[in-house]
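Fold and geometry: a report
Letter by letter, the chains look like this.
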Amino acid sequence: MSQPLVVMKDVNKHFGDLHVLQDINLEVATGEVVILIGPSGSGKSTLCRTINRLETFESGSITIDGKELPEEGKDLAALRADVGMVFQSFNLFAHKTILENVTLGPIKVRGLKKADAEKRARELLDRVGIGHQADKYPAQLSGGQQQRVAIARSLAMDPKVMLFDEPTSALDPEMINEVLDVMVELARSGMTMVVVTHEMGFARKVANRVVFLSEGQIVEQNTPEAFFTNPQSERAKDFLGKILTH
C-alpha cells in the first residue's frame, strides 16, 4: 500500500473561544475522492482550507505526499502549487482573458513557456467544455462557466490533489450540474479530491468515502452507500433526516 497523499494528524484550530477543528485525523489516498459533509459551522470548510494552509492551525501536523506543510515562504508556495483549490467564488482575474487566467500560474510558478502553457490551457478548457470561450473575459461568462474556468486553472498546475470548498453553492440551480459533471469526470480520471459540498447526489456518485463532521469533529466516515443508507451516529442520522426529506 502506498503512503497516503494527504495526512492530517491531531489537527486543532480555534477561532477565539470556538474550537473549530478538534483533533482531526484524516488520511486521503492517491486517487481517492473524499467528500466532507455536515451541518453549517461543523468545520468542513476550515478543514479543507487548512490542507493548503489558507487557514492556519495551532497544533498537529499535515503532510502532503510525505512532506510536512511549511508555515510560510517559498516552500509553502511550492507546496501550494501541488494543491489545487476551487472556492465558492471563482476568484478569476477580471482584467485577464480566460486563457490568460489559466496560463498565469503555469508560466509564473511552473516556468512553462507561454506557447506550451497556452496549448495545455486550451486542452483543459476544451475538457471542461468552454474551449470556445478562451478569448473572453470572466464577466462575459456565466457563473457556471467561470467556475469551470477556475477548475481548469487549478488543473493547469498539475496538482497532486484538488480541494473544492462548496464549489456550487454560489451558483444558480441550472448551472450546478455543469460544474458537477466536470467534477465527476475529474474524479473518474483518478484525481485525488477533497470536496466540501451539500450536493448529496454527487457525493453518492463519486465519493470513495464520505466524512461526516459535526462541531469540529469527525463523527463518522464510510463509503457513500453505507453512510447514506445506514448512518451510525445520532448526529449523522439527524443531519440526513433533515436534508434527505426535502
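In what follows, the structure referred to is the one given above.
Throughout what follows, the structure given in this document is the object of discussion. Residue numbers run consecutively from 1 along every chain, following the written order of its sequence. Totals for whole chains, interfaces and linings use all residues, but because this is a predicted model, local features are given only for residues with pLDDT of at least 70 and pairs of side-chain atoms are given and counted only at 80 or more. Values reported for side chains reflect all heavy atoms of the structure, with hydrogen atoms and water molecules removed beforehand.

Our focus in this paragraph is the sheet that holds strand β5 (residues 67-68). By this definition, two strands are paired if DSSP reports at least two bridges between them. Secondary structure is summarised from DSSP: a helix means a run of H or I of at least four residues, a strand means a run of E of at least two, and numbering begins at the N terminus for each. Taken together, the four strands give an open sheet; going across it, the order is β2-β1-β4-β5, and neighbouring strands pair in antiparallel fashion. Each end of this open sheet is capped by a strand with a single partner; those strands are β2 (18-28) and β5. Here strand β4 (residues 59-64) runs beside β5; their pairing, made up of two bridges, is antiparallel. Bridged to Thr63 within β5 is Glu68.

A few words now on the pattern of salt bridges. Basic side-chain nitrogens of Lys or Arg form a salt bridge, by our definition, when they fall within 4 Å of a carboxyl oxygen of Asp or Glu. Applying the stated rule across the entire model yields 16 salt bridges. Linking Lys119 and Glu123 is a salt bridge whose minimum nitrogen-to-oxygen distance equals 3.3 Å. Of this pair, Lys119 and Glu123 are both found in helix α4 (residues 114-127), four residues apart, which corresponds to roughly one turn of the helix. Three labels apply to residues, based on accessible area from a 1.4 Å probe with only protein chains included: buried if under 20% of the type maximum, exposed if over 50%, partly exposed otherwise in between. Residue classification places Glu123 among the partly exposed residues on the basis of a relative accessible area of 40%. Salt-bridge contacts for Arg120 lead to Asp158; the nearest nitrogen and oxygen are separated by 3.0 Å. Taken together, the positions of Arg120 in helix α4 and Asp158 in the loop between α5 (143-155) and β7 (161-165) put the pair 38 residues apart, joining distant regions of the chain.

This part takes up unusual backbone geometry. One non-glycine residue, Asp10, adopts positive backbone phi at about 50°. In this structure, Asp10 sits in strand β1 (residues 6-15). Residue classification places Asp10 among the partly exposed positions, given a relative accessible area of 38%.

Once that is clear, we can look at the packing of aromatic side chains. Two aromatic rings, drawn from Phe, Tyr or Trp (for Trp, its six-membered ring), form a pair once their centres lie within 6.5 Å of each other, and the interplanar angle then sorts them: stacked below 30 degrees, edge-to-face above 60, tilted otherwise. Overall, the coordinates contain three aromatic pairs when judged by the stated rule. Ring centres of Phe212 and Phe239 lie 5.4 Å apart, and the angle between their planes is 50°; on these two criteria the pair is classed as tilted. Of this pair, Phe212 sits in strand β9 (residues 209-214) while Phe239 sits in helix α9 (residues 234-244), and the two are 27 residues apart along the sequence. Assessed through its relative accessible area of 10%, Phe239 is described here as buried.

In this section: α4. Multiplying one less than the number of residues by 1.5 Å gives the expected span of a helix. Its 14 residues place the ends of α4 20 Å apart at the C-alpha level, agreeing with the 20 Å of an ideal helix rising 1.5 Å per residue. Within α4, the full set of buried residues consists of Ala117, Ala121, Leu124 and Leu125. For α4, the arc enclosing every buried residue in end-on projection is 100°, short of the 170-degree limit, so these residues lie on one face. What points out from α4, more than 90 degrees from its buried face, is the exposed set Ala115, Lys119 and Asp126. Working note: the arc is built from the helix axis to C-beta atom directions.

A few words now on the packing of α4 against α5. Here, axes are lines fitted to C-alpha atoms. For helices the fit covers the stretch in contact, and angles between N-to-C directions go from 0 to 180 degrees. For the pair α4 and α5, the least separation of the axes is 9 Å and the interaxial angle reads 140°. Relative to α5, α4 is oriented oblique. Along this stretch, α4 crosses α5, giving a crossing that reads as right-handed. Between α4, through Arg120, Leu124, Leu125 and Arg127, and α5, the contact on the second element is made entirely by Val149, Ala152 and Leu155. Here the term charged refers only to Asp, Glu, Lys and Arg, the term nonpolar to Ala, Val, Leu, Ile, Met, Phe, Trp, Tyr, Cys and Pro, and the term polar to all other amino acids, Gly among them. Broken down by class, the residue content of the contact of α4 with α5 amounts to five nonpolar, no polar and two charged. What sets the label is the angle itself: under 35 degrees gives roughly parallel, over 145 gives roughly antiparallel, 65 to 115 gives roughly perpendicular, and the rest give oblique. Throughout, a crossing is termed right-handed when the near helix is turned clockwise from the far one, and left-handed when it is turned anticlockwise from it by less than a right angle. Should any heavy atoms of two residues lie within 4.5 Å, those residues are counted as being in contact.

Of the strand pairs in this sheet, β9 and strand β10 (residues 217-222) are connected by five bridges, and their pairing is antiparallel. What sits directly across from Val210, in β10, is Asn222. The loop that links β9 with its antiparallel partner β10 comprises two residues; one of these, Glu215, has a positive phi angle of about 50°.

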